[in-house]
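For reference, the chains in residue letters:
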Amino acid sequence: MELNDIIFYVFGAITALSALYIMLTKNILYAAFALILTFIGVAGIYVFLGAEFIAVTQVLVYVGGILILLVFGIMLTNRLSGKKVVSPAYNKLMGLIVAAGLFAILFKGILQANFSAMNWIDKGASADSSIPKFGLTLMTDYVLVFEIIGVLLLLALIGAIRIAGNVRKEDKSAV
Amino acid sequence: MPFDYLLILGAFLFCVGLFVVVTRKNAILVLIGIELMLNAANINLIAFSSFDPNALQGQIFSLFIITVAAAEAAVGLSIVVKVYKHFQTADLDKINELKG
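Residues numbered from 1 in each chain as written. Chains lettered and ligands numbered in written order. Predicted model: local features only at pLDDT ≥ 70, side-chain atom pairs only at ≥ 80, totals over all residues.

### Re the overall build of chain B
Looking only at helices and strands, one finds three helices and zero strands in chain B. For 100 residues, the compact-globule estimate of 2.2 N^0.38 gives 13 Å, and the C-alpha radius of gyration of chain B, at 17 Å, exceeds that figure by more than 25%. Taken along the three principal axes of its C-alpha coordinates, chain B extends 55 × 25 × 15 Å. Considering chain B as a whole, with its 100 residues, one finds that 52% of them fall into the buried category. Residue pairs at least 24 apart in sequence account for 46% of intrachain contacts in chain B once pairs closer than 6 positions are excluded. (Helix = DSSP H or I, 4+ residues; strand = E, 2+ residues; numbered from the N terminus. Rg over C-alpha atoms; globule rule 2.2 N^0.38 Å. Buried ≥ 20, exposed ≤ 12 C-beta atoms within 10 Å, placed from the backbone. Contact = placed C-beta atoms within 7 Å.)

Shown next, in the form of structure tokens:
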């Protein structure tokens, strides 16, 4: 087994185990911290698949942005009076049946589809660094979607501030 | 590296996210589950994209998914904070009034 494979399996194991921990823990804050490990493991897998830019974006946006938002959300929606912020799972059996059933179907489907044997899968193709190509594709073929997604993000952030922020008294008449 | 393992990891993350969304009643944990499901979709897109080094469609789609996830988290969390201010709880089962 090569070193590449070992590191890949380590990142996969980090991702899977921390996701499992999110599933099992009752503490919301621990779940949010385990989510950091999941995101970092996923980012490591992206690097192995030749998507360095997406890996860096994953770390910046998810670990640096969404996780901070989640921790702030936990802080603002719980009375922190020394006790732990817990939220037990309800309907565990039904949830487990649904999730495990879906996983079994997907698992069987993936094994039966046998992707490794398909002819467009080039096993020798090593995913090389592709950031210049990625940037060119993004700014030529997909530039319209890129601009639209930027406007969407701006709208969502303005909306989030408008929803969560306090409306000042003198502005009430204008709303 | 084995390609099937990547797809199975994606399926596993999706199912864990589904379990978290279905069984938890705290709104923040439901959002965490949704983030897990979005990451599972991203893993699949990038796994297939690694066999397509010229067009890179999968990577671009996953960039858009990350952006939409950020927008969703921001709006969702602001709604949760506002709901908490109104109802004094983030438990989704106790938020059962339509008229504010």
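So that's the structure; there's more coming.
### Thoughts on the interface of chain A and chain B
The partner chain B presents 56 residues to the 71 residues of chain A that form the contact. If you list the elements that add at least two residues to the side of chain A that touches chain B, you get α1 (3-24), α2 (28-48), α3 (52-76), α4 (92-113), α5 (131-140) and α6 (143-164) of chain A. Split into classes, the residues belonging to the side of chain A that touches chain B amount to 51 nonpolar, 16 polar and four charged. (Nonpolar A, V, L, I, M, F, W, Y, C, P; charged D, E, K, R; others polar.)

### Quick word on the confidence of the model for chain A
In this model, chain A carries an average pLDDT of 86, and 86% of its residues clear a pLDDT of 70 or more. Looking over chain A, one finds the lowest element-wise mean pLDDT in α5 of chain A, namely 88, and the highest in α6 of chain A, namely 93. (pLDDT = per-residue confidence, 0-100.)

### Looking at the domain arrangement of chain A
One can read the domain layout of chain A as domain 1 (1-96) and domain 2 (130-167). Taking the mean C-alpha position of each, domain 1 of chain A and domain 2 of chain A sit 24 Å from one another. (Domains from an automatic or database assignment.)

### What about α2 of chain A?
Residues separated by three or four positions in an α-helix point in the same direction, a consequence of the helix having 3.6 residues per turn. Taking 1.5 Å of rise per residue, the 21 residues of α2 of chain A would be expected to cover 30 Å, and the 31 Å separating its terminal C-alpha atoms lies within 8% of that figure. The first or second residue beyond α2 of chain A is glycine 50 of chain A, which carries a positive phi of 80 degrees. (Expected span 1.5 Å × (residues − 1).)

### Concerning the environment of glutamate 35 of chain B
Residues and elements named next belong to chain B. Mapped onto the secondary structure, glutamate 35 falls in helix α2 (residues 27-49). For glutamate 35, a count of 23 C-beta atoms within 10 Å puts it in the buried group. Taking the C-alpha atoms as reference points, glutamate 35 and alanine 70, 35 residues apart in sequence, are found 9.3 Å from one another.

### A short note on the packing of α2 of chain A against α3 of chain A
All names here are of chain A. Taken N-terminus to C-terminus, the directions of α2 and α3 make an angle of 175 degrees; their axes are 8 Å apart at the nearest point. Taken together, the axes of α2 and α3 are roughly antiparallel relative to one another. Residue-level inspection shows Ile28, Leu29, Ala32, Leu35, Ile36, Phe39, Ile40, Val42, Ala43, Tyr46 and Val47 of α2 in contact with α3, the latter providing Glu52, Ile54, Ala55, Gln58, Val59, Tyr62, Val63, Leu67, Leu70, Val71 and Ile74. When grouped by side-chain class, the residues that make up the contact of α2 with α3 number 20 nonpolar, one polar and one charged. (Axes fitted to C-alpha atoms, helices over the stretch in contact; angles between N-to-C directions. Parallel < 35°, antiparallel > 145°, perpendicular 65-115°, else oblique.)

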